[in-house]
Amino acid sequence: MLRQLHKYPGLIASLLVVFLALSGVVLSVLPALDRAGAPAVPATGTDVATVAGKIAANFPGIEHITRTPSGKVIAFYYKNDQPMSSLIDPATGKAIAPYDRSKFEQWMKSLHRSLFLGDKGRITAGVGAAAMLILTLSGLWMTARRMGGWSKLLSKSRGTKMQRLHVDLARLAVVGLVLSSFTGIYITLATFEIIPDGMATPPAFPESVNGGATMPVDQIDALKNLDLGQLRELVFPYPGDPTDVYTLATDTGDGYIDQSTGEMLTWQPHSAIQQIYETIYMLHTGKGLWWLALLLGLASATVPVMAFTGIVMWWRARKGRPRIRANQGAQAADTIILVGSEGGSTWGFARTLHDSLTKAGHKVHTAPMNSLKPAYRKAKNMFILTATYGDGEAPQSAKNFLARLKAFNGKPDFKVAVLGFGDRQFPKFAQFARDVDAALESRGWERLLDTDFIDRQSTQEFNRWGRDVAKALGEELALEHVPVLPRRHQLTLVAREDYGAEVQAPTSILRFSLPESGLLARITGRAMPKFEAGDLVGIIPPGSNVPRYYSLASSAKDGMLEICVKKHPGGQCSGYLHELQPGDTVQAFIRPNPDFRPAKGKAPVILIGAGTGIGPLAGFIRGNDKARPMHLYFGARDPKSDFLYRNDLEQWLAERKLTGLNAAFSRVENRSYVQDIIKQDAETLRELINNGAQILVCGGRSMANGVMEALEQVLAPTGLEPATLKAQGRYAEDVY
Amino acid sequence: MTPTLGKLALTTAIATSLLPALANARPVTLTTTLNNYGGGGAYLVIYVTNAKGVYQGTLWMAGTHAKYYRHLLHWFRATRGNLAEVNGITGASVGAGRTFKITLDLPDALFDAGYKLRIDAAAENFRESPSEIVVPLTKAGAGKAKRGRTFIKSFTYSM
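Residues numbered from 1 in each chain as written. Chains lettered and ligands numbered in written order. Predicted model: local features only at pLDDT ≥ 70, side-chain atom pairs only at ≥ 80, totals over all residues.

### Focus on the overall build of chain B
- Summing up its helical and strand segments, chain B has two helices and eight strands in all.
- For chain B, the N- to C-terminal ordering of α and β elements is α-β-β-β-α-β-β-β-β-β.
- Burial status across chain B gives 41% buried among its 159 residues. (Helix = DSSP H or I, 4+ residues; strand = E, 2+ residues; numbered from the N terminus. Buried ≥ 20, exposed ≤ 12 C-beta atoms within 10 Å, placed from the backbone.)

What follows is the structure in structure tokens.
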């Protein structure tokens, strides 16, 4: 435990930040409570001389009068040589109640700013404020990057539930947190006199005073002209000391008044530095600004939630990346491996390469592509292993690579080999690896090997590439990649419906029961995770270690797991699944796909799919308990053979889970495709999209492209484009 | 507080300003116990004035942040906040209810010669308490407890 605490100082920093935020939340309500308890002061005509005179008459042992930022007037006096204090009604100068500083407030404040540890605690709290500021600003920057630029900072958040919660709370709280942490740092620095607060030097005490009898306080001109609202403190002369003075502090300055002449002997207006400090102090504490204090308190209340979600997300990302053993420093290594990965599988290949090169006696440094250094002093060879994200974009761990490449010092002494990972079914197969290749080419980097590609994580292809590497290095190198897969769960087939055999498209809806899991398994995360329709299930056919992914047609709350599988000629996994009979089991794991599901709310949803692409769409309709408008556009071959979910769809229409059903069939008379029915229904679609509809498309790549073109035509009169909707998160595709 | 610090106090503050020789000095223990006034640590400054009330020198400053010294009103007026007066004789502030004890080598010449020992006190959110303690330095007065107005429950010097 201790070791882990030591290992993850970030966790300690977040505990500190959470502690500061929570104690700050408690303190934030105090100014409002204080304000609620302040007696109403007559708005005008209340001058300090009058009020002080009344108080002095009631309290002969008066020592000083204070007005708090919330407007309370407090008299401090001695009675029978005992120090006393009372809350005063300014109208009468009489005590309303004894005044005691709240012990709780004192305690809480002391805890908040010093953890009861004196100066060490103050420094710790200051460091905590700095950590909060760094977290807030870096988080803001990451959010902007994730959203696709500062201009899109406020657009709809995407990702898992946890990611959305984190980002949504952060955007609400960011201004308050920046304000609280910045002012907290400023106050700490001022406490340690690293920056001035302008209060160290009070006005010079007068060289001489009149020395005569004390003038009653209500006759002093300087106080007659001073509104009570301006007063901070009036200290009476020390009794029996003719050399003492009235000491006055107001909102604008400090001064001394001769006790026998009533003349202002010295007056020192507040310096700009002091005004800045006081403003910052007020912004931090909300003293005198109770509504600001409450807003800052609300912002701080989000911090524990963000710390929790942040740590969980960090932990998940970490778990998704295999541990690299014996990783060398960037400047000590002779071999550099850079990884561009989105989901984490490329890291597995990088680790295999790392381990076998290390075994061969190399000093190997493996890092994300984003951490490309401007130079590698001892490197002889560099390997760049990268996947591609989405439509030819850089994956998460390589987003900054091309920008950082521009900052690389000249032409390197080492040789480089690029290996791209992708899926040949996509038109932009391994596009990012090609972009990296072109960027290196234009900068004249020398090659160890020509850029090569791995299709669908094939271990055979990777091992073949390993032999090429060994040949180029002139060394023995055995690359034996065994992919690291997530924890798998055993699913049992309970039912299957077969379609499409007559139209040469044998397709089955397979329904599996979920494994039972005990409480312990759920707590320790060993149980099968929850899933939604549209998430993916990875299934590993026997004799293979490469999973195939299928879109889920059910959610965990349906109590079963359902997929649609079309049998591909020679398809290893689809063939295996089509052989399954009820009672047979498969090994499977869940991969979340949070960007492909209906957004929250009541806006209409347009579902477009062909063939097995109807699977997740059927799952969405099945889960539409609130009967929001859902319109399905479905393409198949023949209504008599492969109209998947036909009976279910009719039932869902009757239950109003489904609003509209349009189907196109390509192997009948008057054949049509799903693109055609989209164009035919253009008017309805335009109206739905104008009403904020979201579009979800699932199916083959060529169908998805056809749908996109059809929608472009449909939307042309509205001035909208599918690309715009995509950027807004209102157009999502799940294609294969 | 350690006695060695007390010696340091003497050499830096009093000895330079007040007295020519250390020859006839004796260890004097100052004991200050605070009330449970229910606030954070109090700043205390212990200093000496002559019979006319004119500042002579500082014995000890309890409180490390110089920016708060202005709240020790009479001391601050007398010294104009000159930090050289407390250089090397500064320690931590004193918590509510705590006892602060320090032993200093004080010259015999300070006693029964009209000098007064004074303590100014202040704590955050509480009234400033200048000259909270004012006691004449006499050999006969040693061991007699004195009560302050706000913060100090009892103060004694003994030798």
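Back to the write-up after that little detour.
### A few points about the overall build of chain A
- A tally of helices and strands in chain A yields 23 helices and 24 strands.
- The proportion of buried residues among the 736 residues of chain A is 35%.
- For chain A, long-range pairs separated by at least 24 residues make up 71% of all intrachain contacts whose partners lie at least 6 apart in sequence. (Contact = placed C-beta atoms within 7 Å.)

### Details of the sheet that holds strand β20 (residues 605-610) of chain A
Residue and element names in this part refer to chain A.
- Taken together, the five strands give an open sheet; going across it, the order is β22-β21-β20-β23-β24, and neighbouring strands pair in parallel fashion. Strand pairing shows two members of the sheet lacking a second neighbour, β22 (660-665) and β24 (731-735), which therefore form its edges. Going across the sheet, the axis of each strand differs from the next one's by a mean of 10 degrees, ignoring polarity.
- Note that strand β23 (residues 694-699) and β24 share five bridges and pair parallel. What sits directly across from Val697, in β24, is Glu733. (Pairing = 2+ DSSP bridges. Axes fitted to C-alpha atoms, helices over the stretch in contact; angles between N-to-C directions.)

### Here's the deal with the sheet that holds strand β4 (residues 94-98) of chain A
Residues and elements named next belong to chain A.
- Strand order in the open sheet formed by eight strands is β4-β3-β2-β1-β5-β6-β7-β8, and the pairing between neighbours is antiparallel. Taken across any chain shown, the strands that pair with only one partner, and hence form the sheet edges, are β4 and β8 (264-269). With strand direction ignored, the average angle separating the axes of adjacent strands in the sheet is 20 degrees.
- Judged from the three bridges that link them, strand β1 (residues 62-67) and strand β5 (residues 231-235) form a sheet pairing that is antiparallel. Counted as the bridge partner of His64 is Val235 from β5.

### Overview of the interface of chain A and chain B
- Contacts between the two partners involve 15 residues from chain A and, on the opposite side, twelve residues from chain B.
- At the level of secondary structure, the elements contributing two or more residues to the side of chain A that touches chain B comprise β1 and α5 (103-114) of chain A.
- No other element matches the three residues that α5 of chain A contributes to the side of chain A that touches chain B.
- The residue makeup of the side of chain A that touches chain B, split by class, is six nonpolar, four polar and five charged. (Nonpolar A, V, L, I, M, F, W, Y, C, P; charged D, E, K, R; others polar.)

### Observations concerning unusual backbone geometry
All names here are of chain A.
- Phi at Phe116 takes a positive value of approximately 60 degrees, unusual for a residue other than glycine.
- The topology assignment puts Phe116 in the loop between α5 and α6 (118-147).
- Judged by local crowding, Phe116 falls into the exposed class, with 9 C-beta atoms found within 10 Å.
- Phi at Ala430 takes a positive value of approximately 50 degrees, unusual for a residue other than glycine.
- By the element assignment, Ala430 lies in the loop between β12 (415-422) and α14 (431-442).
- Residue classification places Ala430 among the buried residues on the basis of 26 C-beta atoms within 10 Å.

### Describing the confidence of the model for chain B
- Mean pLDDT over chain B: 84, with 86% of residues reaching 70 or higher.
- Across residues 1-13 of chain B, confidence stays below pLDDT 50; counting only partners more than four residues off in sequence or on other chains, it has 27 contacts. (pLDDT = per-residue confidence, 0-100.)

### Some thoughts on the environment of Ile195 of chain A
All names here are of chain A.
- Counting through the fold element by element, Ile195 comes out in the loop between α7 (161-191) and α8 (221-224).
- Overall, the presence of 16 C-beta atoms within 10 Å leaves Ile195 in the partly exposed class.
- Each C-alpha atom, one on Ile195 and one on Tyr277, is 9.7 Å from the other, the two residues being 82 residues apart in sequence.
- Excluding residues within four positions of it along the chain, Ile195 makes contact with Leu189 and Ala190.

### Here we look at helix α15 (residues 459-473) of chain A
All names here are of chain A.
- Spanning 15 residues, α15 covers 21 Å between terminal C-alpha atoms, matching the ideal 21 Å at 1.5 Å per step.
- What α15 keeps buried is the set Phe462, Trp465, Gly466 and Val469. Along the axis of α15, the buried positions cluster into a sector of 110 degrees, meaning they face one direction only. Facing away from the buried surface of α15 by more than 90 degrees, the exposed residues are Gln460, Arg467 and Lys471. (Expected span 1.5 Å × (residues − 1). Arc of directions from axis to C-beta.)

### Overview of helix α10 (residues 290-301) of chain A
- Across its twelve residues, α10 of chain A extends 16 Å between first and last C-alpha, which sits within 8% of the 16 Å expected from 1.5 Å per residue.
- All of the buried residues along α10 of chain A are Trp290, Ala293, Leu296, Gly297, Ala299 and Ser300 of chain A.

### Re the pairing of strand β3 (residues 55-62) of chain B
All names here are of chain B.
- Of all eight residues in β3, six are buried, a share of seventy percent or more.
- Sheet topology note: the strand β2 (residues 43-49)/β3 ladder contains six bridges and is antiparallel. Directly across from Tyr47, in β3, lies its bridge partner Thr58.
- Direction of pairing for β3 relative to strand β4 (residues 90-91): parallel, over a ladder of two bridges. By the bridge assignment, Ala62 is partnered in β4 with Gly91.
- Following the backbone out of β3, through helix α2 (residues 73-79) and into the adjacent parallel β4, one traces a crossover that is right-handed. (Right-handed = clockwise from strand over helix to strand, strands pointing away.)

### A short note on the environment of Phe634 of chain A
All names here are of chain A.
- Structurally, the position occupied by Phe634 is in strand β21 (residues 630-636).
- Between the C-alpha atoms of Phe634 and Leu661, which are 27 residues apart in sequence, the distance is 7.8 Å.
- In this structure, Phe634 is in contact with Gly609, Ile614, Ala663 and Val674, ignoring residues within four places of it in sequence.

### Structural notes on the packing of α7 of chain A against helix α9 (residues 272-285) of chain A
Residues and elements named next belong to chain A.
- The interhelical angle for the contact between α7 and α9, taken along N-to-C directions, is 130 degrees, at an axis separation of 9 Å. Regarding the angle of α7 to α9, the classification is oblique. Seen from above, α7 lies across α9 with left-handed handedness. The segment α7 lies against α9, with Leu179, Ser180, Thr183, Gly184, Tyr186, Ile187 and Ala190 engaging Tyr277, Ile280, Tyr281, Leu283 and His284.
- Across the contact of α7 with α9, the residue classes tally to eight nonpolar, four polar and no charged. (Parallel < 35°, antiparallel > 145°, perpendicular 65-115°, else oblique. Left-handed = near helix turned anticlockwise from the far one by under 90°.)

### Notes on the environment of Gly344 of chain A
Residue and element names in this part refer to chain A.
- Relative to the helices and strands, Gly344 resides in the loop between β9 (335-340) and α12 (345-359).
- Overall, Gly344 belongs to the partly exposed group, with 19 C-beta atoms counted inside 10 Å.
- Residues Gly344 and Gln396, spaced 52 residues apart in sequence, show a C-alpha to C-alpha distance of 9.8 Å.

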